[in-house]
Amino acid sequence: YRDDYRGIAAYIAASAGPDDAILINAPAQIETFDYYYRGPLAEYPLPRQRPMDAAATVAELEALAARHPRIYAVLWATGESDPERVIEGWLDTHAFKALDGWFGNVRLAMYAFPRSAEGADVRPAGHVLEAADGGRLRLDGYSVLTPAPAGGDVLQVALHWQALAPISARYKVFVHLVDAAGNIVAQRDSEPGGGARLTSDWAVGETVIDQYGLLIPAGTPPGEHILRVGMYGLDGGRRLSVALNGQEAGDCIDLARIVVAWPPSPPPEGALDRQARHDVAWGGLRLIGHSLHRLGSEHETTLALRPGDAARLVLYWRREPGAVWGRDVAVS
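Residues numbered from 1 in each chain as written. Predicted model: local features only at pLDDT ≥ 70, side-chain atom pairs only at ≥ 80, totals over all residues. Heavy atoms only, no water.

Student: Got a minute to help me understand the sheet that holds strand β8 (residues 154–165) in this structure?
Tutor: In a beta sheet, neighbouring strands pair by backbone hydrogen bonds and run either parallel or antiparallel. With respect to topology, six strands assemble into an open sheet ordered β11-β8-β7-β6-β13-β14, the strand pairing being antiparallel. Bordering the open sheet on either side are β11 (207–215) and β14 (247–248), each of which pairs with just one other strand. (Pairing = 2+ DSSP bridges. Helix = DSSP H or I, 4+ residues; strand = E, 2+ residues; numbered from the N terminus.)

Printed below as a string of structure tokens:
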């Protein structure tokens, strides 16, 4: 009951594409997972043996990446199966992590592999971030490998950092996709390199390539969005200040305009990140669910609001078949 394989299987079945794959890191998981998952996706038990043959495991990961656009990694007791983080370390370096969450005592991570060099040219940035410990970092450039994603896609972003002065503290990077109303529709917060390239370990002058995958939620309305990045301290969460050409530029960097496209087909309801389900109709509209989180803490499984917090409410609507519209409808 505490290991929610049912929830993992349901999420994968609803959100995965036909060419995606599943990685299962512990042999004991396979029978339990397959009890709930009856889908067609290929399953890869890695590592194949204990102790791990690192070279053979990496070779299989390379072959897997060549065959599949995305992989769902079902992870349990990784300290026993992969104490050196060979698998996750390789994936953090060669793929774009877009999901990493707990289903009970089991963790589900999703990685997207780069499929094309289109749009991958490094665009200059040049923003300098000032750290409280005296460290200075510069965002030299960035790449966007998916310039026109749709809901359910993974926006692949690579950031090119360089340390200008020694950094003694650890900082997290935030990558946000923000809509025209200022709402964060997708985000990833992580220490650089998926936690493998801590800022406190950066050498002055070293270039660090840092990859992020932003899973654009199924059902996201199409339109123009802003790709925004920055850093904040692990202790207290205070953002680093930003300067451009010697001028103060706030505490974040707006990198690019990203147009979210219409998906080729409506998403299945199982792919929607609903905390609660509803079935309430108004004319040709039906409210089918909602989610409510503290702003910036969408990964938290329970709502914990404090005085002064901002909350993010997402409503999920469905247009009824045959509904004809002649006017706009406002929600209050």
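Student: Is there a simple way to think about the sheet that holds strand β10 (residues 184–190) in this case?
Tutor: Strand order across the open sheet formed by four strands is β10-β9-β12-β15, with antiparallel pairing between neighbours. Taken across any chain shown, the strands that pair with only one partner, and hence form the sheet edges, are β10 and β15 (253–260). Pairwise comparison of adjacent strand axes, ignoring direction, gives a mean angle of 20 degrees for this sheet. Direction of pairing for strand β9 (residues 171–178) relative to β10: antiparallel, over a ladder of six bridges. Along β10, the bridge assignment pairs Leu177 with Ala186. (Axes fitted to C-alpha atoms, helices over the stretch in contact; angles between N-to-C directions.)

Student: I keep staring at the packing of helix α1 (residues 5–15) against helix α2 (residues 27–36) and nothing clicks. Help me out?
Tutor: Between two packed helices, both the angle of their axes relative to each other and the distance between the axes serve to describe the pair. Contact pair α1 / α2: the axes reach a minimum separation of 8 Å and the direction vectors enclose 60 degrees. On the basis of the axis angle, α1 is oblique to α2. Crossing geometry of α1 relative to α2 is assigned as right-handed. Contacts between α1 and α2 involve Tyr5, Arg6, Ile8, Ala9 and Ile12 on the former and, on the latter, Gln29, Thr32, Phe33 and Tyr36. (Parallel < 35°, antiparallel > 145°, perpendicular 65-115°, else oblique. Left-handed = near helix turned anticlockwise from the far one by under 90°. Contact = heavy atoms within 4.5 Å.)

Student: Would you mind showing me how to read the pairing of strand β1 (residues 21–24) here?
Tutor: What you see with β1 is no split at all: Ala21 and Leu23 on one side and Ile22 and Ile24 on the other are buried throughout. In terms of strand pairing, β1 meets strand β2 (residues 42–45) through four bridges, oriented parallel. Bridging from a neighbouring strand, Ile24 pairs with Pro45 of β2. Regarding the hand of the β-α-β motif, the stretch spanning β1, α2 and β2 is right-handed. Where β1 lies against strand β3 (residues 70–75), four bridges are found, and the strand directions are parallel. Counterpart to Ile24 in the pairing with β3 is Val74. (Buried < 20%, exposed > 50% of the residue type's maximum accessible area, 1.4 Å probe, protein only. Right-handed = clockwise from strand over helix to strand, strands pointing away.)

Student: What is the right way to look at the nonpolar core in this model?
Tutor: For soluble globular proteins, nonpolar side chains are generally found buried alongside one another. Residues Leu155, Leu159, Trp161, Leu177, Met231 and Leu255 are the most contacted members of the largest nonpolar core, which totals 34 residues. Contributions of two or more residues to this core are made by β6 (123–130), β7 (136–144), β8, β9, β10, β11, β12 (223–233) and β15. With residues up to four places along the chain from it excluded, the contact list for Leu155 reads Val144, Thr146, Pro149, Leu177, Tyr212, Gly213, Leu214, Ile216, Leu227 and Ile258. Counting 19 residues, the second-largest nonpolar core is a separate cluster that includes Tyr5, Phe33, Leu108 and Val154. (Core = buried A, V, L, I, M, F, W, Y, C linked by side-chain atoms within 4.5 Å.)

Student: It is not clear to me how the pattern of salt bridges should be interpreted in this structure. Could you clarify?
Tutor: Within this structure, the stated rule accounts for 21 salt bridges. Between Arg286 and Asp279 there is a salt bridge, and its shortest N-O distance comes to 2.4 Å. For Asp309, the salt bridge identified is with Arg306, shortest N-O distance 3.9 Å. Judged by its relative accessible area of 29%, Asp309 is partly exposed. Several salt bridges share partner residues, and in doing so they unite Arg85, Glu88, Asp92, Lys97, Asp100 and Arg107 into one network. (Salt bridge = Lys/Arg side-chain N within 4 Å of Asp/Glu carboxyl O.)

Student: Teacher, can you tell me more about unusual backbone geometry here?
Tutor: A negative phi holds for most residues other than glycine; trans holds for most peptide bonds. In this structure, the amide linkage connecting Leu46 to the following residue, Pro47, adopts the cis form with an omega of 0 degrees. Position of Pro47 relative to the elements: it lies in the loop between β2 and α3 (54–67). Geometrically, the link from Arg50 to Pro51 is a cis peptide bond, its omega value of -5 degrees lying close to zero. Along the chain, Pro51 falls in the loop between β2 and α3. A positive phi angle, near 50 degrees, is found at Ala77, a position not held by glycine.

Student: Teacher, can you tell me more about the environment of Asp4 here?
Tutor: Take Asp4: it is sitting in the segment before α1. Along the sequence, Asp4 and Arg107 sit 103 residues apart, while their C-alpha atoms lie 9.4 Å from each other. Those residues in contact with Asp4 that lie beyond four places of it in its chain are Phe103 and Gly104. Of note is the side chain of Asp4, whose polar atom sits 2.8 Å from the backbone nitrogen of Gly7. (Polar contact = N/O pair within 3.5 Å; in protein donor to acceptor, adjacent residues only side chain to side chain.)

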